[in-house]
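Given next are the chains, with one letter for each unit.
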Amino acid sequence: MTAKKRPRVYITRKLPDAVETRMRELFDAELNIDDRPRSREELAAAMASVDVLVPTIADKIDAELLASAGPQLKLIAGFSNGTDHIDVDAAAEKGITVTNTPNVLTEDTADMTMALILAVNRRLAEGSRILTDNPGDWAGWSPTWMLGRRIWGKRIGIIGMGRIGTAVARRAKAFGLSIHYHNRKPVNQATESELEATYWDSLDQMLARVDIVSVNCPSTPGTFHLVSARRLALMQPTAIIVNTARGDIIDEMAMIKLLREDKIAGAGLDVYQNEPAINPKLVKLANEGKVVLLPHMGSATIEGRIDMGDKVIINIRAFFDGHRPPNRVLPGRN
């Protein structure tokens, strides 16, 4: 009996060893050992010959790139929760199925959101830098030195009450925060009661009333600059904003302007509008202690990345076994 041909799989970035080992066992997998970002030319060449592409959010798989795909490319098994970096509609027109890795990063991202809330309000990054960069500046404890703001008893406004937003709300409630949220529709009554949450159908009204804004909605054409210059101006001058979702949800330049003018007290960012490029004005604000910047590491846990890899493998196996992949992304929904 002829052995079944293993699908040829092209993986654009280095994945955890356990995931790569399993990929090699199951598929004809080409790894990225040195973790060097692949150029568009390299991606195009791979898509012309492989059966499966495994991209990450750092790889923009647009209509132009998809046009170079060969007829044998039948699956794009994304190593990511979101699919805004993949033109799912263009892929469907080429007969290419797209999958993602949802629901594995909820708790990790929620943890990082709370970490940023604490870091901004309690000036953690600024304090750490004093001991590592300028240890001589610390003369010991003082009653009025490095004063931050208490979060207990404050109001948090969560934009996007999906899985991650709800996980943030549970953590925030444990820290003594009052939960407010804006969503396309209210969450179910049991969840709202558990969290003692207040629903705002008007984002404008919520922004004007909370002390902490947490952005947790997906990036879609409808959420581009959802937190616009006009809406940022509604925030209280003592309020902070935290974003662990996608950078283009906030009008970054408007936020920088308001931070510079002290019309917003601070920001904690793990994502950026032109990522991986970081606006130098944000770096300057970080050096001045006005913002905390992280390199898109909200979901970066060993457990989370292995879980993502497992989902990629399951999607590939299901597809080539003739079944519908469990995490298929339908056109028009990304």
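Residues numbered from 1 in each chain as written. Predicted model: local features only at pLDDT ≥ 70, side-chain atom pairs only at ≥ 80, totals over all residues. Heavy atoms only, no water.

## With respect to the overall build of the chain
Move 1: Counting its secondary structure elements, the chain contains 13 helices and 12 strands.
Move 2: The C-alpha atoms of the chain give 22 Å as radius of gyration, which agrees with the globular expectation for 334 residues (20 Å, within 12%).
Move 3: Scored against the burial criterion, the 334 residues of the chain give a buried share of 48%.
Move 4: Surface summary for the chain: the accessible area is close to 16,600 Å², and the carbon and sulfur share equals 53%.
Move 5: Within the chain, one finds 43 positive and 41 negative side-chain charges whose respective centroids are separated by 3 Å. (Helix = DSSP H or I, 4+ residues; strand = E, 2+ residues; numbered from the N terminus. Rg over C-alpha atoms; globule rule 2.2 N^0.38 Å. Buried < 20%, exposed > 50% of the residue type's maximum accessible area, 1.4 Å probe, protein only. Areas by Shrake-Rupley, 256 points an atom, 1.4 Å probe, with all protein chains shown as cover. Lys, Arg positive; Asp, Glu negative; His and termini not counted. Charge placed at Lys NZ, Arg CZ, Asp CG, Glu CD.)

## A short note on the UniProt feature "domain: D-isomer specific 2-hydroxyacid dehydrogenase catalytic" (unreviewed entry) in the chain
Move 1: UniProt records the feature "domain: D-isomer specific 2-hydroxyacid dehydrogenase catalytic" (unreviewed entry) at residues 18–329, using the numbering of this structure.
Move 2: Between the first and last C-alpha atoms of residues 18–329 the distance is 25 Å; the span itself is 38% helix and 12% strand. (UniProt positions renumbered as here; feature names shortened; annotations may be inferred.)

## Structural notes on the sheet that holds strand β6 (residues 155–159)
Move 1: Spatially, seven strands are ordered β8-β7-β6-β9-β10-β11-β12 in an open sheet, and the strand pairing comes out parallel. Where the open sheet ends on each side, the last strands, each with one partner, are β8 (198–199) and β12 (291–293).
Move 2: Pairing analysis gives four bridges linking β6 to strand β9 (residues 212–215), with the strands arranged parallel. Its bridge partner lying in β9, I156 is registered against I212.
Move 3: In the packing of helix α7 (residues 163–174) onto the sheet, the strands contacted are β6, β7 (178–182) and β9, and the crossing angle to β6 comes to about 170°. (Pairing = 2+ DSSP bridges. Contact = heavy atoms within 4.5 Å. Axes fitted to C-alpha atoms, helices over the stretch in contact; angles between N-to-C directions.)

## Observations concerning the pattern of salt bridges
Move 1: Applying the stated criterion across every chain, the model contains 21 salt bridges.
Move 2: With its nearest N and O atoms 2.7 Å apart, the salt bridge here joins R171 to E107. With a gap of 64 residues between them, R171 in helix α7 and E107 in helix α5 (residues 106–122) connect regions that are remote in the sequence.
Move 3: On the basis of relative accessible area, E107 is assigned to the partly exposed category, the value being 43%.
Move 4: K263 is the salt-bridge partner of E261, the closest N and O atoms lying 3.3 Å from each other.
Move 5: Judged by relative accessible area, which is 45%, K263 ranks as partly exposed. (Salt bridge = Lys/Arg side-chain N within 4 Å of Asp/Glu carboxyl O.)

## What to know about the packing of aromatic side chains
Move 1: Per the counting criterion, the structure on display carries two aromatic pairs.
Move 2: Ring plane angle 75° and centroid distance 5.1 Å describe the contact between F319 and F320, whose orientation is recorded as edge-to-face.
Move 3: Overall, F319 belongs to the partly exposed group, its relative accessible area being 21%.
Move 4: A relative accessible area of 27% places F320 in the partly exposed class. (Phe/Tyr/Trp six-rings, centres within 6.5 Å; stacked < 30°, edge-to-face > 60°.)

## Thoughts on a nonpolar patch on the surface
Move 1: Taken together, the side chains of L131, W138 and W145 define a hydrophobic patch exposed on the protein surface, amounting to about 330 Å² of accessible area.
Move 2: Assignment of secondary structure puts W145 in the loop between α6 (124–133) and β6. (Patch = residues over 30% accessible without salt bridge, like charges linked within 9 Å, V, L, I, M, F, W, Y side chains within 5 Å.)

## Regarding the pairing of strand β11 (residues 266–269)
Move 1: The alternating pattern of β11 places G266 and G268 on one face and A267 and L269 on the opposite face, and all of these are buried.
Move 2: For the crossover that starts at strand β10 (residues 240–243), traverses helix α11 (residues 252–260) and ends in the parallel β11, the hand is right-handed.
Move 3: Bridging between β11 and β12 involves three bridges; their strand directions are parallel. Bridge pairing in β12 links L269 to L293.
Move 4: Taken together, β11, helix α12 (residues 280–287) and β12 form a β-α-β motif whose crossover is right-handed. (Right-handed = clockwise from strand over helix to strand, strands pointing away.)

## Some details on the nonpolar core
Move 1: By size, the foremost hydrophobic cluster in this structure holds 31 residues, and its most contacted members are I159, V215, V227, L232, M235, I241 and M255.
Move 2: For this core, the secondary-structure elements that each account for two or more residues are α9 (203–207), β9, α11, β11 and α12. (Core = buried A, V, L, I, M, F, W, Y, C linked by side-chain atoms within 4.5 Å.)

## Regarding the packing of α11 against α12
Move 1: Remark: α11 packs on α12, axes separated minimally by 10 Å, with the N-to-C direction vectors making an angle of 30°. With respect to α12, the element α11 is oriented roughly parallel. Between α11 and α12 lies a crossing of left-handed hand. Contact with α11, carried on its side by E252, M253, M255, I256, L259 and R260, involves K281, L282, K284 and L285 of α12 and no other residues of that element.
Move 2: Its residues placed into classes, the contact of α11 with α12 shows six nonpolar, no polar and four charged. (Parallel < 35°, antiparallel > 145°, perpendicular 65-115°, else oblique. Left-handed = near helix turned anticlockwise from the far one by under 90°. Nonpolar A, V, L, I, M, F, W, Y, C, P; charged D, E, K, R; others polar.)

## Considerations on the environment of P325
Move 1: Structurally, P325 is set in the segment after α13 (302–320).
Move 2: P325 gets classed as buried once you look at its relative accessible area, which sits at 5%.
Move 3: The spacing of P325 and V98 is 227 residues in sequence and 9.1 Å in space, taken between C-alpha atoms.
Move 4: Apart from residues no more than four positions distant in its own chain, P325 is found in contact with T97, T99, N315, A318 and F319.

## Overview of the domain arrangement of the chain
Often, the extent of an interface is quoted as the loss of accessible area upon association of its parts.
Move 1: What the domain assignment reports for the chain is domain 1 (8–100 + 301–329) and domain 2 (105–293).
Move 2: Measuring from the centre of the C-alpha atoms in domain 1 to the corresponding centre in domain 2 gives 32 Å.
Move 3: Counting from both sides, the interface comprises eight residues of domain 1 and, opposite them, four residues of domain 2.
Move 4: Interface area, domain 1 with domain 2, both sides summed: about 480 Å², of which 55% is carbon and sulfur.
Move 5: On the domain 1 side of the interface with domain 2, the three residues burying the most area are I57, D84 and T301, jointly 59% of the side's total.
Move 6: Taken together, the connections running from domain 1 to domain 2 amount to one salt bridge.
Move 7: Across the pair R246 and D84 runs a salt bridge whose closest N-O atoms are separated by 3.5 Å.
Move 8: For the pair domain 1 and domain 2, the interface holds one residue pair in polar contact (both at pLDDT 80 or more). (Domains from an automatic or database assignment. Buried area = accessible area lost by both parts, 1.4 Å probe. Polar contact = N/O pair within 3.5 Å; in protein donor to acceptor, adjacent residues only side chain to side chain.)

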